[in-house]
Amino acid sequence: MYKKVLTIQDISCVGQCSLTVALPILSASGMETVILPSAILSTHTAGFTGFTFRDLTDDIDGIADHWAKENIFFDTLYTGYLGSIAQIDKVIRFADTRLNEGAPLIVDPAMADNGVLYSIFDDEFVKNMKRLTDKADIILPNITEACFLTGTEYKETYDEAYILTLVKKLAADDEQTVVLTGVSYGKETTGVVVYKNGKLDYYEHEKIEKGCHGTGDVYASAFVGAYMNGKTAFESAKIAADYTVSCIKYTQGDETHWYGVKFEPVLGEYINLLKK
Ligand code: PXL
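Because the structure is a prediction, the values reported are computed rather than measured.

**Student:** Whenever I open this one, the overall build of the protein confuses me. Can you help?
**Tutor:** In terms of helices and strands, the protein carries nine helices and 11 strands. Whereas a compact globule of 276 residues would reach a radius of gyration of roughly 19 Å, the protein reaches 17 Å, a difference of no more than 12%. By principal-axis analysis of the C-alpha atoms, the protein measures approximately 55 × 45 × 40 Å. Evaluated residue by residue, the protein yields a buried proportion of 53% over its 276 residues. Here the protein has roughly 12200 Å² of accessible surface; of this, 50% comes from carbon and sulfur atoms. Counting 25 positive and 39 negative side-chain charges, the protein places the averaged centre of each group 3 Å from the other.

**Student:** Explain the environment of A237 here, please?
**Tutor:** Of note, A237 is situated in helix 8 (residues 233–251). The spacing of A237 and G115 is 122 residues in sequence and 23 Å in space, taken between C-alpha atoms. Excluding residues that lie within four positions of it along the chain, A237 makes contacts with V179, V192, V194, Y219 and F223.

**Student:** It is not clear to me how the sheet that holds strand 11 (residues 199–206) should be interpreted in this structure. Could you clarify?
**Tutor:** Adjacent strands of a sheet form backbone hydrogen bonds with each other and so pair up, either parallel or antiparallel. The sheet built from nine strands is open, its strands ordered 3-2-1-4-5-8-9-10-11 with mixed pairing. Both edges of this open sheet fall to strand 3 (53–55) and strand 11, since each of them pairs with a single strand only. By the bridge criterion, three bridges tie strand 9 (residues 177–180) to strand 10 (residues 189–196) in an arrangement that is antiparallel. Bridged to V179 within strand 10 is V194. Running at roughly 165° to strand 2 (residues 32–43), helix 2 (residues 57–69) makes contact with strand 1 (4–14), strand 2 and strand 3 of the sheet.

**Student:** It is not clear to me how the packing of aromatic side chains should be interpreted in this structure. Could you clarify?
**Tutor:** By convention here, two paired aromatic rings are described through the distance between centres and the angle between planes. Under the defined criterion, the tally for this structure stands at 13 aromatic pairs. Between the aromatic rings of F48 and W258, the centroid separation amounts to 4.7 Å while the plane-to-plane angle is 45°, which identifies the pairing as tilted. Of the two residues, F48 sits in the loop between strand 2 and strand 3 while W258 sits in the loop between helix 8 and helix 9 (267–275), which places them 210 residues apart along the sequence. Arranged with centres 5.3 Å apart and planes meeting at 65°, the rings of Y185 and Y202 form a pair that is edge-to-face.

**Student:** In this structure, what is going on with the site of the ligand? I would like to understand it.
**Tutor:** Close contacts around the ligand come from D10, S12, C17, S18, L41, H44, T45, A46, Y81, Y118, H213 and D217, and that covers them all. Looking at the shell around the ligand residue by residue, the classes come out as five nonpolar, five polar and two charged.

**Student:** How do you make sense of unusual backbone geometry when you look at a structure like this?
**Tutor:** The phi angle of most residues is negative, glycine excepted, and most peptide bonds adopt the trans form. In this model, Q16 sits at a positive phi of 45°, which is unusual for a non-glycine residue. Among the structural elements, Q16 can be located in the loop between strand 1 and helix 1 (19–28). Overall, Q16 belongs to the buried group, its relative accessible area being 12%.

**Student:** Which parts of the structure should I look at to understand a negative patch on the surface?
**Tutor:** On the surface, a cluster of negative charge is contributed by D137, D173, D174 and E175. Position of D174 among the secondary structure elements: in the loop between helix 6 (160–170) and strand 9.

**Student:** Explain the pairing of strand 1 here, please?
**Tutor:** One face of the sheet, then the other: side chains in a regular strand alternate in exactly this way. Most of strand 1 is tucked away: eight of the 11 residues are buried. The pairing of strand 1 with strand 2 spans nine bridges and is parallel. Residue pairing in the sheet places V5 in a bridge with T33 of strand 2. Where the polypeptide runs from strand 1 across helix 1 and back to strand 2, its parallel neighbour, the crossover connection is right-handed. Taken together, the four bridges between strand 1 and strand 4 (residues 76–79) define a ladder with parallel strand orientation. Bridge assignment links T7 to a residue of strand 4, and that residue is Y78.

Parameters at a glance
Residues numbered from 1 in each chain as written. Predicted model: local features only at pLDDT ≥ 70, side-chain atom pairs only at ≥ 80, totals over all residues. Heavy atoms only, no water. Helix = DSSP H or I, 4+ residues; strand = E, 2+ residues; numbered from the N terminus. Rg over C-alpha atoms; globule rule 2.2 N^0.38 Å. Buried < 20%, exposed > 50% of the residue type's maximum accessible area, 1.4 Å probe, protein only. Areas by Shrake-Rupley, 256 points an atom, 1.4 Å probe, with all protein chains shown as cover. Lys, Arg positive; Asp, Glu negative; His and termini not counted. Charge placed at Lys NZ, Arg CZ, Asp CG, Glu CD. Contact = heavy atoms within 4.5 Å. Pairing = 2+ DSSP bridges. Axes fitted to C-alpha atoms, helices over the stretch in contact; angles between N-to-C directions. Phe/Tyr/Trp six-rings, centres within 6.5 Å; stacked < 30°, edge-to-face > 60°. Near = heavy atom within 4 Å. Nonpolar A, V, L, I, M, F, W, Y, C, P; charged D, E, K, R; others polar. Patch = residues over 30% accessible without salt bridge, like charges linked within 9 Å, V, L, I, M, F, W, Y side chains within 5 Å. Salt bridge = Lys/Arg side-chain N within 4 Å of Asp/Glu carboxyl O. Right-handed = clockwise from strand over helix to strand, strands pointing away.

Take it as geometry only, folks, not as evidence of what the structure does.
If you want it as structure tokens, here you go:
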């Protein structure tokens, strides 16, 4: 069960997102976790101003060439926030060349939330992210990202028919699993839809009003860790949801901690969920 995961995302030094979340959560899941930082920012871009941004795109080919020479392959490639279209092309190269036979490509198209794109992205980026999601075995968008990827009108309130149409449009083919997060049909609950080849499952759980930054990255990392432990996509979606809810509950009420979720003190709960 000991597997080697490669995750390519930025390092936001402060802000509990992307690699500073993925590395500890994947390590806690028991996986050897190889990181490839796509950029280094002083903080994430959602709420902080004046952040620094060191683009590492030009380093990526050299890293890929070295790993090729060393014959290093991975049991999954999991991508999150990517800083540019050039990086998307380089990620596609990793997916094509550095994965073991049958190893999944898992893509969180981290680029938007609450109906809007994050500040550095535009329509051209969305078009290119669609090329990456189309190649993936599993994709983990929220509803906003799903709408951008499919050119669907974003709605705050919707019904099951809207969600079914959205995931059908989104799925690249009958083999791809779509894990759609933040699907809420009522005030008190939210949930996650897992869709593959015409079959839709829904895990409904408690909604905590306080939306925290970085929950998408906690969710996706916890999903990947569970999936690599041999759980099904639906079981992994449930484990990731339960863990993310615990993280938000732990964070809630601390106004000074607006920039991320306190996921570390509840990592023990995640490990226990994996053991069940
Ligand atoms: O959580 C997604 C994310 C990752 N990395 C950076 C971000 C964001 C969201 O805003 O700004 C740099």
